[in-house]
Amino acid sequence: MRFGILGPLEVTGAAAPTDGGREPSYAPQAAKLRVVLGTLLIRANEVVSVESLIDELWPDAPPRTATTTLQVYVSHLRKTLQSADPEGGREALVTRRPGYLLRVGADAVDALAFEDLSRRGHQALQASDFAAAADLQRRALALWRGPLLSDTPHGPVLEGAAVRLAEARTTALDERIRAELHLGLHRELVAELQELVAEHRMHEEFHTHLMVALYRCGRQAEALRVFTALRQTLVEELGIEPGPASTRLQRRILEGDPALTRAGGRAAGPGTGTGTTAGTTAATAGAPAGTGRSPGHDEPAVDVAGTGAGAAGWSAAPGALPAADPCFTGRTEELNRLERMVRSAPAGGCVAVTGMPGAGKTALAVEAAHRVADAFPDGRLYLDLRDGAGPGLPPGAQSVLERLLPASAGPGAAPADGAPQTPRVLLVLDGVGSETQVRPLLPALRGAVVLLVARRVPAGLPGLRSVLLGPWRPDEAQRLVGLFTGRAGTRPGTLGGTAALDAGPGLGPDTVAEIAELCGRLPLAVRTAAAQLAARPHWTAAVLADRLRDEAGRLDVLRTGDVDVRARLLDAYEACAEPQRRAFRLLSLLPPGRFGARQAAAALDLTEARASAALEALADERLVAVDRDGCHLPELLRLLAVERLALEDPPEVVRAAAERVCRAYAAAAAAEPGRVSDSGARGLVRLARTAYGAGLWALAVRLTDALAGWVADDGEAVYALALDAARRCADRSAQARMRRSLGELAWQYRRVEQAHELFSGALELAREAGDEEEAARAQVGLAELCLDYGESAAAAALLEPALAALSAPGRTRGRYEASRARALLALAHEGPESARAWFGECLELAGALRDQRLEVYALRSLRALSRPPEGGSGPASRAVEIRPGLWRIHPAGVPT
């Protein structure tokens, strides 16, 4: 079974080709099914949450029945996959909390094959194997049949993937052309490049490739006209001039540089074709092989490692750039963006990599520094400012900095004539604590580009541009298996990885993705987890995942050797002032996930304005993540905050803050009764447990009431706690509500006797409390049990007084449930017309509740009554939808 998504959706199986020689296609015809399958394929071998799939299917306004409808779509897809592959197709699509996972082989999806071929082609280009690079990229590009899933509607996931893969295709095309120019195929490329520059009018790389190809064909004037057209486009549309590489190439063509006519020069160095400045091919393709020169510069280039001799005998051995990390994984977008920033930075410019502790800032900066080797012919230096014992420079820094200056000048000195004479170098400054460490150095580094690595943005540095680094993205999780197998980020000639493990039982993408999520997708934490697995051969991946699921002990697991994730996070926490540390601790009382200033204000006991300021301060320290959708505590930082709250704050302070948070969330839920999202409901469940643990009985009941019937995986346990809380605060009405909710769960799980006992107990408690509404709702529950038994007369006797009691104002939801049960009774014994009247009342009541899920159910029931009965006598022809998404098959005593 194979899938094609680089174009219209294709699904082919093991069936024999048709008479025309084409394999039969099993691609779904329905657009919604194509959306679900396309989304699962884009994230193949990783769990796609139900929420993500719903957002993809209905980006604007999902229906109330979205979850049920999605389940139907998944069922259809399983049948489709079974048709394509009778042996294992159905098992390929599995349910995995919190959604679904589609298992496919590495060569079963054309997009995965494209990315693998393109990656290998990029590595071949870096190794100057131009024939292999051209062949691999040509094969990768041949997989494209059109835009990504061109016959499928795109939601946020597919739209993002389409942009990402289109950019990857452009990069592969650029690298294929770059390799073919090295192979001397300039005549064959001219026509294709002319088409590309017409399509990509502001893509400098394609223009410079065309300039080189035309020049080598003896068409110098046409090559110059290409530059003129490029410049005119950029000036008119963007108000900018072409980049330095394009301008340098134009000058070399004007001068008739004979080196440009030669093919087979050196590769452009690490990073070629991945977000480079325009004209890299032009700047390198004409270099005579083995000259050791970078065309466009008059000085000899330093070797890639930064340890060879450069201009004026300058040596970069002290402070040399660390070797590239063989395990470097993911970060494609961030790396390309950082590379572009560094390449385009002017002399004396500063670029910063910032982010939360453990996000891999240093690894990203070092990787980028290796990729931009060709842009810094005089070398690249690395200096770790954390090596110092005080606020000054660490030992040895002075000698490193002196290598950036003329031999006669010390730090801070300028040449006598004022002209900058510093070599063109890149200086990586790691462990920057503040701008005060960097500002005094800038006058001495006027010819260098400085790449800073810091947790906070070093504000106040002129012209600073920065890349903010967070956890790995969810779509990168499928590439993390290599960290556990010893093949992560494999480079030519290396094994890579934390440990050379075999992919043992259970070590698949889904398990690794879960481990990554439990680690908050924080690179340091995921690598530490991989190291733990390597150090303990008797552990399986399942054992590791099970240990990480325990929130209380998760940070203990993420410690091996001298690497301690908790210690790294604690360093950032302890670097903050006490008011910020206190705010950080109290925010751990909020449910996991996003929150706003209002929720933070409740936890911190501040006004919203002051809470916003506190959140901004924590965001500056990288202890809180902030984006346009709100704030959240990264998972491992949240666990650290929970630990510190228990260790540092008195119990009475914690209880008071927990009460404020619970009251705020309960009030917000009460303002919109019955309208709770899945994520919001999970937060209410967690807070209900918090309230119960703090002895806030009434709040535990209020928060459980706010669930409005939403059921978690451990729903019975949640309602059981609330029932106990109601007993402790002697609230008989609340006890009746919780017993009724538990009764509904027992009924859904077909524990009928237990359901009868719970409904009966709820009715008795409600009558004792004088709660007419709750008593009536318990009667509705008992009536539904009677309908299950076929006891229609008993059901009618229970429903008549319940409907009368629930007709009072303010009891709309209970009236809806009673009318729904009455409609089912009418369907059984009074005929379609009577049932239609009751379902019509359900529709009116659902509209008053503004509950779209209930409205759709009522409309669906009315439509079913309007259709003539289908033939057949099997169970499928006698099914009744008794609740939204819940069907009774061949119900006793209920004819259809």
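The coordinates are above.
Computed from a prediction, not measured in an experiment: that's the story for all the values here. (Residues numbered from 1 in each chain as written. Predicted model: local features only at pLDDT ≥ 70, side-chain atom pairs only at ≥ 80, totals over all residues. Heavy atoms only, no water.)

Q: Help me understand the side chain of Thr 39 in this model?
A: Checked against the element boundaries, Thr 39 lands in helix 1 (residues 31–42). For Thr 39, a relative accessible area of 0% corresponds to the buried category. (Helix = DSSP H or I, 4+ residues; strand = E, 2+ residues; numbered from the N terminus. Buried < 20%, exposed > 50% of the residue type's maximum accessible area, 1.4 Å probe, protein only.)

Q: Sorry, what's going on with the packing of aromatic side chains here?
A: We describe a pair of aromatic rings using the distance from one ring centre to the other and the angle between the two ring planes. Applying the stated rule across the entire model yields five aromatic pairs. Relative to Tyr 73, the ring of Trp 58 has its centre 6.4 Å away and its plane inclined at 25°; by these criteria the two rings are stacked. You can see Trp 58 sitting in the loop between helix 2 (50–57) and helix 3 (66–84) and its partner Tyr 73 sitting in helix 3, a full 15 residues away along the chain. Grouping residues by exposure puts Trp 58 and Tyr 73 together as buried. Ring geometry for Tyr 692 against Trp 697: centres 5.2 Å apart, planes inclined by 70°, an arrangement best described as edge-to-face. Stacked on the ring of Trp 144, the Lys or Arg Arg 169 has its end atom at 5.8 Å from the ring centre. (Phe/Tyr/Trp six-rings, centres within 6.5 Å; stacked < 30°, edge-to-face > 60°. Lys NZ or Arg CZ within 6 Å of the ring centre and 35° of its normal.)

Q: How should helix 13 (residues 332–344) be read in this particular structure?
A: In an α-helix, one full turn covers 3.6 residues, which means residues spaced three or four apart are oriented alike. For helix 13, built from 13 residues, the straight-helix expectation of 18 Å at 1.5 Å per residue is met to within 8% by its first-to-last C-alpha distance of 18 Å. Along helix 13, the positions that sit buried rather than exposed are Glu 334, Leu 335, Asn 336, Leu 338, Glu 339, Met 341, Val 342 and Arg 343. Next to the buried residues of helix 13 lie strand 6 (350–355), helix 14 (361–371), strand 8 (426–432), strand 9 (449–454) and strand 10 (465–469). (Expected span 1.5 Å × (residues − 1). Contact = heavy atoms within 4.5 Å.)

Q: Is there a simple way to explain helix 19 (residues 523–535) in this structure?
A: Its 13 residues place the ends of helix 19 18 Å apart at the C-alpha level, agreeing with the 18 Å of an ideal helix rising 1.5 Å per residue. Counting buried residues in helix 19 gives ten out of 13 residues, a clear majority hidden from the surface.

Q: Would you mind going over the sheet that holds strand 8 with me for this structure?
A: In sheet architecture, strand pairing relies on hydrogen bonds along the backbone and comes in two forms, parallel and antiparallel. If you trace the five strands from one edge of the open sheet to the other, you get 7-8-9-6-10, paired in parallel fashion. The two strands at the open ends of the sheet, each matched to only one other strand, are strand 7 (380–384) and strand 10. Taking the axes of each pair of neighbouring strands and ignoring which way they run, one obtains an average angle of 15° across the sheet. Pairing geometry for strand 8 and strand 9, over five bridges, is parallel. Directly across from Leu 429, in strand 9, lies its bridge partner Leu 452. Against the sheet, helix 13 touches strand 6, strand 8, strand 9 and strand 10, its axis set at about 165° to strand 10. (Pairing = 2+ DSSP bridges. Axes fitted to C-alpha atoms, helices over the stretch in contact; angles between N-to-C directions.)

Q: I tried to follow the environment of Ala 600 on my own but got confused; where do I start?
A: Within the fold, Ala 600 resides in helix 24 (residues 597–604). Look at Ala 600 and you get buried, because its relative accessible area is 0%. On a C-alpha basis, the gap between Ala 600 and Ala 583 in space is 8.9 Å, while along the polypeptide they are 17 residues apart. Each residue touching Ala 600, except ones within four places of it in the same chain, is listed here: Leu 587, Leu 590, Phe 595, Ala 611 and Leu 615.

Q: Where do I start with the packing of helix 29 (residues 697–705) against helix 31 (residues 732–748) in this structure?
A: A pair of packed helices can be characterised by two numbers: the angle between their axes and the separation between those axes. At a closest axis distance of 11 Å, the pairing of helix 29 and helix 31 adopts a crossing angle of 40°. Here helix 29 lies oblique to helix 31, going by the angle between them. Handedness of the helix 29/helix 31 crossing: left-handed. Here Val 701, Thr 704 and Asp 705 of helix 29 come into contact with helix 31, specifically with Ala 734, Arg 737 and Met 738. (Parallel < 35°, antiparallel > 145°, perpendicular 65-115°, else oblique. Left-handed = near helix turned anticlockwise from the far one by under 90°.)

Q: For this particular structure, what's the right way to read the pattern of salt bridges?
A: What the rule picks out here adds up to 58 salt bridges. For Asp 110, the salt bridge identified is with Arg 145, shortest N-O distance 3.8 Å. Here Asp 110, found in helix 5 (residues 110–126), pairs with Arg 145, found in the loop between helix 6 (130–141) and helix 7 (156–182); they are 35 residues apart in sequence, far enough to count as distant. Taking the relative accessible area as the measure of exposure, Asp 110 reaches 9% and is therefore buried. The exposure class assigned to Arg 145 is partly exposed, which follows from its relative accessible area of 35%. Each of the salt bridges in this network shares a partner with another, and the network as a whole consists of Glu 578, Arg 581, Arg 585, Arg 644, Glu 648 and Asp 649. (Salt bridge = Lys/Arg side-chain N within 4 Å of Asp/Glu carboxyl O.)

Q: For this particular structure, what's the right way to read a nonpolar patch on the surface?
A: A surface patch of nonpolar side chains, amounting to about 260 Å² of accessible area, comprises Met 202, Leu 238 and Ile 240. Owing to a relative accessible area of 38%, Met 202 belongs among the partly exposed residues under this scheme. (Patch = residues over 30% accessible without salt bridge, like charges linked within 9 Å, V, L, I, M, F, W, Y side chains within 5 Å. Areas by Shrake-Rupley, 256 points an atom, 1.4 Å probe, with all protein chains shown as cover.)

Q: Got a minute to help me understand the sheet that holds strand 4 (residues 93–96) in this structure?
A: Spatially, three strands are ordered 3-5-4 in an open sheet, and the strand pairing comes out antiparallel. Pairing within the sheet leaves two strands with one partner each, and these edge strands are strand 3 (48–49) and strand 4. Pairing of strand 3 with strand 5 (residues 99–102), which is carried by two bridges, proceeds in the antiparallel orientation. Its bridge partner lying in strand 5, Ser 49 is registered against Gly 99. Most of the contacts of helix 3 go to strand 4, to which it runs at about 145°, and overall it touches strand 4 and strand 5.

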